[in-house]
Amino acid sequence: MHNYTLSHLKALEAEAIYVIREVAAQFTKPVLLFSGGKDSITLLRLAQKAFSPAKLPFPLLHIDTGHNFPETLDFRDRLVEQTKSRLLVRTVQESIDRGRVAEEKGANASRNALQTVTLLDALEELQFTAALGGARRDEEKARAKERFFSHRNEFGQWDPKNQRPELWNLFNGKMGIGEHFRVFPLSNWTEMDVWQYIKLEQLELPTIYFTHDRDVIERNGVLLAHSEYIQVGDHESVRSTRVRFRTVGDMTCTGAVESSANSIDDIIDEVASARVTERGGRADDKRSETAMEDRKKDGYF
């Protein structure tokens, strides 16, 4: 790894660790949102470095749609055991059973948007004042508007036009009763930075990030993993191909890419030449021009 790349990664690492420590210093009850994806795995490693040799001063929280990739859930549980972290899980199915949300119907039904209510209910139930997440500004145009410390009102909503300035990395965590913050230590990282850091730290990942044979359905230009959660349309067919996933999420909306990348170096080369954004295969982002921003305003991750 070139010295420039190494110094760049170390600068990003130092910034992220600083933000994580600021969260521990300013908030009474933080939590780390954990999906089992590469960004939350990176965030967990940074949190470990921030407080080593002590244990993490906060738990992990996974909002499970019930339609997650089994490989990701298996990896999540192994990593939690290895790192001796405390994992809390809240499920969309619980929200459905309680009448808090209604299951979507139709061929394009997904539980992805329903996670918002489950997340907000969990934050209120457990009285968390700050939720650390692995979102990055380069992911999507709505993400690019986010600050490191993202204030949410008493309804969990985000106002992109009314954010606090963060000059000289001074973060204002002051909030009213019932409000909370989302905090994004990886804000200034890119997809390439994350992969370079994973290589540097030799982090283990779920197998779905690497090439494998999988049955897929092509829908609106997106390759979706064939599963019991997806209805195959009359004019759709299931085919087997070599794919990997650039992001981890709900199986009903997380698109695969055809790929032969079976190592971190292969993935780095692939990302360097990619002409489609990381979330370009996310069907949930294609529901409207402002799909992500609308979800975020309502309290999404």
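Attention in this report is confined to the structure presented alongside it. Predicted model only: the values in this text are computed from it and were never measured.

Turning to the sheet that holds strand 2 (residues 60–64), a few remarks are in order. Whenever strands of a sheet pair, they do so through backbone hydrogen bonds, lying parallel or antiparallel. Strand order in this open sheet of 6 strands is 3-2-1-4-6-5, and the pairing throughout is mixed. Two strands lie at the open edges of the sheet, namely strand 3 (87–91) and strand 5 (149–152), each paired on one side alone. Averaged over neighbouring strand pairs, the angle between their axes works out to 30° when direction is ignored. Pairing of strand 1 (residues 30–33) with strand 2 involves 2 bridges; the strand directions are parallel. Bridged to Leu33 within strand 2 is Leu61.

Below, the discussion takes up helix 7 (residues 264–273). Of all the residues in helix 7, the buried ones are Ile264, Ile267, Ile268 and Val271. One face of helix 7 carries all of its buried residues, which in axial projection span an arc of 100°. Buried positions along helix 7 lie against helix 6 (191–201) and strand 9 (238–244).

Okay, the packing of aromatic side chains next. Working definition: an aromatic ring pair is given by the centre-to-centre distance plus the angle between the planes. Tallied over the full model, the rule gives 10 aromatic pairs. For the pair Tyr18 and Phe171, a centre-to-centre distance of 6.1 Å together with 45° between the ring planes defines the contact as tilted. Here Tyr18, found in helix 1 (residues 3–26), pairs with Phe171, found in the loop between strand 5 and strand 6 (180–183); they are 153 residues apart in sequence, far enough to count as distant. Residue classification places Tyr18 among the partly exposed positions, given a relative accessible area of 33%. Phe171 gets classed as buried once you look at its relative accessible area, which sits at 9%. Centroid distance Phe149 to Phe171: 4.9 Å. Interplanar angle 15°. Geometry classified as stacked. In this pair, Phe149 sits in strand 5 while Phe171 sits in the loop between strand 5 and strand 6, placing the two residues 22 residues apart along the sequence. As far as the burial class goes, Phe149 and Phe171 line up, both buried. Ring pairing ties together the aromatic residues Tyr18, Phe27, Phe148, Phe149, Phe171 and Phe181, which thus form one cluster. In this structure, Lys29 is placed above the aromatic ring of Phe128, and the distance from its NZ or CZ to the ring centre is 5.4 Å.

The rules behind each value
- Residues numbered from 1 in each chain as written.
- Predicted model: local features only at pLDDT ≥ 70, side-chain atom pairs only at ≥ 80, totals over all residues.
- Heavy atoms only, no water.
- Pairing = 2+ DSSP bridges.
- Helix = DSSP H or I, 4+ residues; strand = E, 2+ residues; numbered from the N terminus.
- Axes fitted to C-alpha atoms, helices over the stretch in contact; angles between N-to-C directions.
- Buried < 20%, exposed > 50% of the residue type's maximum accessible area, 1.4 Å probe, protein only.
- Arc of directions from axis to C-beta.
- Contact = heavy atoms within 4.5 Å.
- Phe/Tyr/Trp six-rings, centres within 6.5 Å; stacked < 30°, edge-to-face > 60°.
- Lys NZ or Arg CZ within 6 Å of the ring centre and 35° of its normal.

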